[in-house]
Amino acid sequence: MARALMIQGAGSNVGKSLIVAGLARAAVRRGLRVLPFKPQNMSNNAAVTVDGGEIGRAQALQAQAAGVEPHTDMNPVLLKPETDTGAQIIVQGRRVATLRARDYAAMKPALMTPVLESFSRLKDRADLVLVEGAGSPAEVNLRQADIANMGFARRADVPVMLVGDIDRGGAIAQLVGTKTVIDPDDAAMIRGFVINKFRGDPSLFDDGYRLIEKQTGWRGFGVLPYFARANELPAEDALGLGESRRSGKCKIAFLALSRIANFDDLDPLKLEPEVDLVMVRPGEAIPGDCRLVVVPGSKSTRGDLAFLRVQGWDIDLLAHHRRGGHVLGLCGGYQMLGHNVADPEGIEGASGETSGLGLLNVTTVMTPQKTLTRVTASHAATKQPIDAYEIHIGHTEGSDCVRPFAMLNGVPEGAVSADGRIHGSYLHGVFASDAFRKAFLAQLDIPAADQSYRTKVESALDALAGHIEAHLDVDGLFALAR
């Protein structure tokens, strides 16, 4: 039976996911069998697992760091927001409901059982389980029926290390304030803290570090400087793609849809030296000098079609096409490029139909069955292999499907317009296939580097582990696990 350690944050986006990934790779270097676990995640950036379900993309990266295939037990509860107040509920890899926030709160107590079941199975297969919390335990208004932070830690008897983010300021208040507001029995589960994302001379924080130790009674395990190569790892949040922009000569734009999903499709492009990957944010126009516009996946296709039109992006896309530009729609983005999206059963919201952008001669009907599978395909135009995955609802057909984007086990997949400049596909992760990425960019007259995307990610994970080893007491952290 494995030992376990939980990494919680004094706030959201403090760097828990990367710390877990780095610790996982450090544990592998020590010869340990390590598995990641996150009881509850909220993200529309999902990965398809080896057992045919879906989990948060961050847990898939952590699995890669641990040298194992991602499994649904690593993230037994995944919430995929469809509106501001409702989300699709994924339990152990499978959709079980779409609920409003208040209804999910009533459902949560029953979810502790599958959470503990998944955790127990992981412990049977590992020497060490690294658990990631969600948000912050200081959100005491959510403590009742909590399954993501202290509710889980207490039930599973897992010690906690708390991460504070100094980059955004207020790290002392984050950590000391957490100790102040949480239940004393919850606070007793916390064995120490780490300061993350420090820039400059860490010795300048010595007094603050000692103050935190004195005020909380928790041991400090180190100050972790900002990890400069974080942009080489798959982004946990779509904003990370826009913040890691490089000054390439060839501009590729993607639309920051309100329910953008599986935006890690774009991660390999941001590492191409000749590519300037531009996030088009709400209220901004699509740049007139881009060679390709990517309409990414969405958790609410019809909702994001309306959102897209409010931004005026429908007009921009038509102008981009008239200028000779290319458009690539992936999954929900593919559905939007057609003439019509129908949802007769109200699967993604209110039942009804929405006119699409009309750039592809296809139509889509939403269906209850979700496709979740890993696939190997061949790009129809360049014949290059593509390792990808499908994670979608809906069926798309039309005359442009006679020119498929790819061939999947001899079956046409996706669609391409008659002029060859509008591409649509349900395949995710296509740009991680190096030969395809290079060939596709060549069609746009964009030179691609002779590099392996997976090798770059592996190198960044190794560097992350070394970074953590150099600045934190990793042996001390692992000694906390029980």
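Description of the structure in this document. (Residues numbered from 1 in each chain as written. Predicted model: local features only at pLDDT ≥ 70, side-chain atom pairs only at ≥ 80, totals over all residues. Heavy atoms only, no water.)

### Quick notes on the overall build of the chain
The secondary structure content of the chain amounts to 15 helices and 26 strands. Each of the three principal axes of the chain carries a C-alpha extent, and together these read 70 × 45 × 40 Å. Counting every atom, the chain has about 18300 Å² of accessible surface; 51% of that belongs to carbon and sulfur. Averaging the locations of the 52 positively and 56 negatively charged side chains of the chain gives two centres separated by 2 Å. (Helix = DSSP H or I, 4+ residues; strand = E, 2+ residues; numbered from the N terminus. Areas by Shrake-Rupley, 256 points an atom, 1.4 Å probe, with all protein chains shown as cover. Lys, Arg positive; Asp, Glu negative; His and termini not counted. Charge placed at Lys NZ, Arg CZ, Asp CG, Glu CD.)

### Topic: the pattern of salt bridges
Counted according to the given criterion, the structure contains 30 salt bridges. Here Lys370 makes a salt bridge to Glu54, at a shortest N to O gap of 2.7 Å. In this pair, Lys370 sits in strand 21 (residues 363–379) while Glu54 sits in strand 5 (residues 54–56), placing the two residues 316 residues apart along the sequence. Ionic pairing is found between Asp165 and Arg168, a salt bridge with its closest N-O pair at 3.0 Å. Asp165 gets classed as buried once you look at its relative accessible area, which sits at 2%. Here the salt bridges do not stand alone but share partners, grouping Arg25, Arg29, Arg454, Glu458 and Asp462 into one network. (Salt bridge = Lys/Arg side-chain N within 4 Å of Asp/Glu carboxyl O. Buried < 20%, exposed > 50% of the residue type's maximum accessible area, 1.4 Å probe, protein only.)

### Describing helix 11 (residues 313–322)
The buried count for helix 11 comes to 7 of 10 residues, which makes it a mostly enclosed element. Within helix 11, burial applies to Trp313, Asp314, Asp316, Leu317, Ala319, His320 and His321. Summarising the contacts, the buried residues of helix 11 are in contact with strand 13 (250–255), strand 15 (275–280), strand 16 (292–295), helix 10 (301–311), strand 18 (326–330) and strand 26 (422–425). The positive-phi residue at the C-terminal boundary of helix 11 is Gly324, with phi of around 95°. (Contact = heavy atoms within 4.5 Å.)

### Brief notes about the sheet that holds strand 3 (residues 40–42)
Backbone-to-backbone hydrogen bonds join strands into a sheet, with any given pair of strands oriented parallel or antiparallel. Pairing within the open sheet is mixed, and its 4 strands lie in the order 3-6-7-8. Lying at the two open borders of the sheet, with one neighbouring strand each, are strand 3 and strand 8 (94–100). Direction aside, neighbouring strands of the sheet carry axes that sit 20° apart on average. For strand 7 (residues 86–91) and strand 8, the ladder comprises 6 bridges, and the chain directions are antiparallel. (Pairing = 2+ DSSP bridges. Axes fitted to C-alpha atoms, helices over the stretch in contact; angles between N-to-C directions.)

### Digging into the side chain of Asn75
Residue position: Asn75 is located in the loop between helix 2 (57–66) and strand 6 (77–81). Side-chain polar atoms of Asn75 contact the backbone oxygen of Lys38, separated by 3.1 Å. Ignoring any residue separated from it by four or fewer positions in sequence, one finds Asn75 in contact with Lys38, Pro39, Gln40, Asn41, Ile55, Gly56 and Gln59. (Polar contact = N/O pair within 3.5 Å; in protein donor to acceptor, adjacent residues only side chain to side chain.)

### Describing the side chain of His320
Residue placement: His320 occurs in helix 11. Owing to a relative accessible area of 1%, His320 belongs among the buried residues under this scheme. For His320, the residues in contact, after removing those within four places along its chain, are Cys290, Arg291, Leu292, Val293, Gly325, His326 and Val327.

### Observations regarding unusual backbone geometry
Unlike most non-glycine residues, Gln92 shows phi in positive territory, near 50°. Relative to the helices and strands, Gln92 resides in the loop between strand 7 and strand 8. Residue class for Gln92 comes out partly exposed when judged on its relative accessible area of 24%. Positive phi outside glycine occurs at Cys331, with the angle close to 55°. The residue Cys331 is located in the loop between strand 18 and helix 12 (332–337) in this model.

### Describing the pairing of strand 11 (residues 190–198)
By the criterion of burial, strand 11 is predominantly enclosed, with 8 of the 9 residues buried. Both strand 11 and strand 12 (residues 219–225) contribute to a ladder of 4 bridges, which runs parallel. In the strand pairing of strand 12, Phe193 is matched with Gly220. In this region the chain leaves strand 11, passes through helix 7 (residues 206–216) and returns to the parallel neighbour strand 12; the handedness of that crossover is right-handed. (Right-handed = clockwise from strand over helix to strand, strands pointing away.)

### Concerning the packing of aromatic side chains
With the rule as written, the count across this model stands at 11 aromatic pairs. Ring centres 6.1 Å apart and planes at 70° place the aromatic pair Phe405 and Phe436 in the edge-to-face group. Placement of Phe405 in the loop between strand 22 (385–397) and strand 23 (406–408) and of Phe436 in helix 13 (residues 434–443) is noted, with a sequence separation of 31 residues between them. When sorted by exposure, Phe405 lands in the same class as Phe436, which is buried. Between Phe431 and Phe440 the ring centres are 5.7 Å apart and the planes differ by 65°, which places this aromatic pair in the edge-to-face class. Residue Phe431 is classed as buried on the basis of its relative accessible area, which comes to 1%. What makes Phe440 buried here is its relative accessible area of 1%. Within the aromatic cluster, the residues linked to one another by ring pairs are Phe405, Phe431, Phe436 and Phe440. (Phe/Tyr/Trp six-rings, centres within 6.5 Å; stacked < 30°, edge-to-face > 60°.)

None of the figures reported here should be taken as evidence of function without further support.
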